[in-house]
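Spelled out from the first residue to the last, the chains are:
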Amino acid sequence: MGIPQSIQLGAAPLEPATLAGTASAADLVARLPATEPLHRNRVKRAFDLVGAVGLILFFGPLMLIVGLLITLDGGPAVFGHRRIGTEGRDFTCLKFRSMVVNAPEVFEKLIESDPEARAEWEATRKLRNDPRITWIGRFLRRTSLDELPQLFNVLTGDMSLVGPRPIVQEEVARYHVCFPFYTRCRPGLTGLWQVSGRNDVDYGRRVQLDTAYLLGWSLWGDFRILLRTVGVMLSGKGAY
């Protein structure tokens, strides 16, 4: 994706009417100084803490069972991956392990031998038919249960219940002028991207949704996204 000449914000679901219309890259840069950093919003932080504690208590027994099943192959139940968070700082993003123990070796072999898989990875950073995924990992990814450990990231303040999808360093260039907006939020356990098609959404649209989320944030909007996330988890649409 090249530097966006325009970003259509009005098409994003759950957006307030004030975002209707087209914002050019120059317009977005001009709006940045007046945009309040969302990670400093105390109301949102209180909502995150109460919600995270409640969800950990609710999902706790399930998380224990899932963790035990994952370790049957001799590997760890949870792994941490470095992601970019608030103000561009790195943090360890937690997930249930959904891949085989030797996933890096399997990935390298696949990318070297399969041009179509390599092109898909370069375009979306995802693989629809990923040989690294374990039997239980496919279920966890389809239902998004692999992300439950991120509730602890919410407690520590590295993430929010709702926010942009956490990205890695290699993805920063894809955000271009929108990256400073990303760094004004805590990455989310769920967000506009997750309830708008997930992996069926192209990367440029992901960037638009992340930017639109910050510009149109409201606590009610977060609550609506959380409610829609339940439906997405049950349907498994766009997950792989």
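Below or above, wherever it landed, is the structure these notes cover. Just so it is clear, the model here is predicted, and its values are computed rather than measured.

Criteria and thresholds
- Residues numbered from 1 in each chain as written.
- Predicted model: local features only at pLDDT ≥ 70, side-chain atom pairs only at ≥ 80, totals over all residues.
- Heavy atoms only, no water.
- Helix = DSSP H or I, 4+ residues; strand = E, 2+ residues; numbered from the N terminus.
- Buried < 20%, exposed > 50% of the residue type's maximum accessible area, 1.4 Å probe, protein only.
- Contact = heavy atoms within 4.5 Å.
- Areas by Shrake-Rupley, 256 points an atom, 1.4 Å probe, with all protein chains shown as cover.
- Axes fitted to C-alpha atoms, helices over the stretch in contact; angles between N-to-C directions.
- Parallel < 35°, antiparallel > 145°, perpendicular 65-115°, else oblique.
- Nonpolar A, V, L, I, M, F, W, Y, C, P; charged D, E, K, R; others polar.
- Phe/Tyr/Trp six-rings, centres within 6.5 Å; stacked < 30°, edge-to-face > 60°.
- Pairing = 2+ DSSP bridges.
- Core = buried A, V, L, I, M, F, W, Y, C linked by side-chain atoms within 4.5 Å.
- Lys, Arg positive; Asp, Glu negative; His and termini not counted.
- Salt bridge = Lys/Arg side-chain N within 4 Å of Asp/Glu carboxyl O.
- Polar contact = N/O pair within 3.5 Å; in protein donor to acceptor, adjacent residues only side chain to side chain.

## Examining the overall build of the protein
Secondary structure assignment for the protein yields 10 helices and 6 strands. Burial statistics for the protein: of 240 residues in total, 52% are counted as buried. Summarising the internal contacts of the protein: among those between residues at least 6 apart in sequence, 72% fall at separations of at least 24. Accessible surface computed for the protein: about 11900 Å², of which carbon and sulfur atoms make up 61%.

## Re the environment of Arg-125
Here Arg-125 is to be found in the loop between helix 4 (115-124) and helix 5 (135-143). Distance from Arg-125 to Glu-170, taken between C-alpha atoms, is 9.9 Å for residues 45 residues apart in sequence.

## Structural notes on the packing of helix 3 (residues 103-113) against helix 4
At their nearest, the axes of helix 3 and helix 4 sit 5 Å apart, and the two run at 110° to each other. For the element pair helix 3 / helix 4, the angle class is roughly perpendicular. Across the interface between the two elements, Phe-107, Leu-110, Ile-111, Glu-112 and Ser-113 from helix 3 touch Pro-115, Ala-117, Arg-118 and Trp-121 from helix 4. Of the residues belonging to the contact of helix 3 with helix 4, the class tally is 6 nonpolar, 1 polar and 2 charged.

## Topic: the packing of aromatic side chains
What describes a pair of aromatic rings is the distance from one ring centre to the other and the angle between the planes of the rings. Scanning all chains against the criterion turns up 6 aromatic pairs. Judged by centre distance (5.6 Å) and plane angle (65°), the rings of Tyr-175 and Tyr-182 are edge-to-face. Seen from their ring centres, Tyr-175 and Tyr-203 are 6.2 Å apart, and the 90° between their planes marks the pair as edge-to-face. In this pair, Tyr-175 sits in helix 7 (residues 172-175) while Tyr-203 sits in helix 9 (residues 203-215), placing the two residues 28 residues apart along the sequence. A relative accessible area of 0% means that Tyr-175 is categorised as buried. Judged by its relative accessible area of 5%, Tyr-203 is buried.

## Remarks on the pairing of strand 3 (residues 78-84)
With 7 bridges connecting them, strand 3 and strand 4 (residues 90-96) associate as antiparallel partners. For Phe-79, the partnering residue across the bridge sits in strand 4 and is Lys-95. Hairpin remark: strand 3 followed by strand 4, antiparallel, with 5 residues in the connecting loop; positive phi at Glu-87, about 55°.

## Focus on the nonpolar core
Membership of the largest hydrophobic core comes to 33 residues, with the highest contact counts inside it found for Phe-96, Leu-140, Leu-148 and Tyr-213. Of all the elements in the fold, those that place two or more residues in this core are helix 2 (42-70), strand 4, helix 5, helix 6 (150-156), strand 5 (160-162), helix 9 and helix 10 (219-235). Looking at this core element by element, the count peaks at 6 residues for helix 2. The contacts of Leu-140, once residues within four sequence positions are left out, are Val-66, Ile-70, Phe-96, Leu-145 and Asp-146. Counting 9 residues, the second-largest nonpolar core is a separate cluster that includes Ile-167, Val-172, Tyr-175 and Val-207.

## A few points about the side chain of Arg-45
Mapped onto the elements of the fold, Arg-45 is located in helix 2. One buried charge, Arg-45, has no salt-bridge partner; the nearest side chain with opposite charge is Asp-48, at 4.6 Å. Of note is the side chain of Arg-45, whose polar atom sits 2.7 Å from the backbone oxygen of Val-154. Sequence-distant contacts of Arg-45, defined by excluding residues within four places in its chain, comprise Val-154, Leu-155, Thr-156, Gly-157, Met-159 and Arg-186.

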